[in-house]
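# Inside the fold
As a plain string of letters, each chain reads:
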Amino acid sequence: MYEQFWKFTDMFVHFSDKERSSIREYLITRDVPKNHLLVDLGDISSEVFFINKGCVRFYYLTEAGEEITGFIFTENMFTGSHESFFSQTPSTQVLQTLEPCELVVLPYEGLQTLFDTVPKMNIFVRKLLEQRMSHAQKVVASLIMNKPEKRYTSMLELQPDLVNRIPQQVLATYLGITPVSLSRIRKRIMDQD
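Everything in this summary refers to the structure shown in the same document. (Residues numbered from 1 in each chain as written. Predicted model: local features only at pLDDT ≥ 70, side-chain atom pairs only at ≥ 80, totals over all residues. Heavy atoms only, no water.)

## Some words on the sheet that holds strand β5 (residues 67-73)
Taken in spatial order, the four strands make up an open sheet running β2-β7-β4-β5, and their pairing is antiparallel. The strands lining the two open edges of the sheet, one partner per strand, are β2 (37-39) and β5. Strand-to-strand twist of the sheet, defined as the mean angle between neighbouring strand axes without regard to direction, takes the value 30 degrees. The pairing of strand β4 (residues 56-61) with strand β7 (residues 94-97) spans four bridges and is classified as antiparallel. (Pairing = 2+ DSSP bridges. Helix = DSSP H or I, 4+ residues; strand = E, 2+ residues; numbered from the N terminus. Axes fitted to C-alpha atoms, helices over the stretch in contact; angles between N-to-C directions.)

Have a look at this one:
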């Protein structure tokens, strides 16, 4: 259950066996069903999640009650309501499973202890957040700079499996377009092939 987790952490920092043992004390494995809310709007997030298997999205709710998907997370990715988690304030986003998920969970209090007892954990989290910030900037830039068709083809290059894994409505909000526009884009691309 933890093999994928350690392969992932090794991309950022190499924990010794002793450090892994210390970290392992705070990790929890959890299987959750499809459409499960990991963090709801207004919750104070007490956990972050590494996805061994499954698909999770975070989304925002507009004043009109419309769900706008901010990101889709799949295997070998960390997810959470990071603003809420790190500041221990109410979440402004919802974190929901789109498929049954197998998760490795790290509670807030455990992470705080690990910051003191396993100094490399500070480096790991910093590098992980740097990666997330860089990726978030690319997503925002794409929404501002690229036309919808380019956003769709870029998504196909980076996360091609999403097309078959998530509902079209969710995919459309992730791309910043309507489901009707997404259908038209998909048809144009298929007609070109």
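## Details of the environment of His 135
One can find His 135 in helix α5 (residues 120-145). Sequence-wise, His 135 and Asp 31 are 104 residues apart; in three dimensions their C-alpha atoms are separated by 27 Å.

## Notes on a nonpolar patch on the surface
Taken together, the side chains of Val 140, Leu 143, Ile 144 and Met 145 make up a nonpolar region of the molecular surface, amounting to roughly 430 Å² of accessible area. By the element assignment, Ile 144 lies in helix α5. Overall, the relative accessible area of 64% leaves Ile 144 in the exposed class. (Patch = residues over 30% accessible without salt bridge, like charges linked within 9 Å, V, L, I, M, F, W, Y side chains within 5 Å. Areas by Shrake-Rupley, 256 points an atom, 1.4 Å probe, with all protein chains shown as cover. Salt bridge = Lys/Arg side-chain N within 4 Å of Asp/Glu carboxyl O. Buried < 20%, exposed > 50% of the residue type's maximum accessible area, 1.4 Å probe, protein only.)

## Some thoughts on the packing of aromatic side chains
One pair of aromatic rings is described through two measures. These are the centre distance and the angle between the planes. One pass over the full model with this rule turns up 17 aromatic pairs. When the centroid spacing of 5.5 Å and the interplanar angle of 85 degrees are considered together, the rings of Phe 5 and Phe 50 count as edge-to-face. Taken together, the residues Phe 5 in helix α1 (residues 3-10) and Phe 50 in strand β3 (residues 47-53) connect sequence positions 45 residues apart. Exposure class is identical for Phe 5 and Phe 50. Each is buried. Site record: aromatic cluster; members linked through ring pairs are Phe 5, Trp 6, Phe 8, Phe 12, Phe 15, Phe 50, Phe 78 and Phe 124. (Phe/Tyr/Trp six-rings, centres within 6.5 Å; stacked < 30°, edge-to-face > 60°.)

## Quick look at the pairing of β4
Where β4 meets β5, six bridges bridge the pair, whose relative direction is antiparallel. Each residue of the ladder has a partner; that of Val 56, found in β5, is Phe 73. In sequence, β4 turns back onto β5 through a hairpin of five residues, with Gly 65 there showing a positive phi of about 85 degrees.

## So, the pattern of salt bridges
Working definition: two side chains of opposite charge can pair if their charged atoms are close together. Applying the stated rule across the entire model yields eleven salt bridges. Taking the shortest distance from any N to any O, the salt bridge between Arg 57 and Glu 67 comes out at 2.4 Å. Of this pair, Arg 57 sits in strand β4 while Glu 67 sits in strand β5, placing them ten residues apart in sequence. A residue is classified by how much of its surface remains accessible, and Arg 57, at 3% relative accessible area, is buried.

## With respect to the environment of Met 77
With respect to the secondary-structure elements, Met 77 resides in the loop between β5 and β6 (78-79). C-alpha of Met 77 to C-alpha of Phe 50: the two residues are 27 residues apart in sequence and 5.7 Å apart in space. If we skip the residues at most four places from it in the chain, Met 77 touches Phe 49, Phe 50, Ile 51, Phe 71 and Ile 72. (Contact = heavy atoms within 4.5 Å.)

## Here we look at α5
Over its 26 residues, α5 runs 37 Å from end to end, which matches the ideal 38 Å to within 8%, given 1.5 Å per residue. What α5 keeps buried is the set Met 121, Phe 124, Val 125, Leu 128 and Ser 142. (Expected span 1.5 Å × (residues − 1).)

## Observations regarding unusual backbone geometry
For Asn 35, which is not glycine, the phi dihedral falls at a positive 70 degrees. Here Asn 35 is to be found in the loop between β1 (28-32) and β2. Its identity is not glycine, yet Asn 76 carries a phi of approximately 65 degrees, on the positive side. Looking at the secondary structure, you find Asn 76 in the loop between β5 and β6. The exposure class of Asn 76 is partly exposed, given its relative accessible area of 36%.

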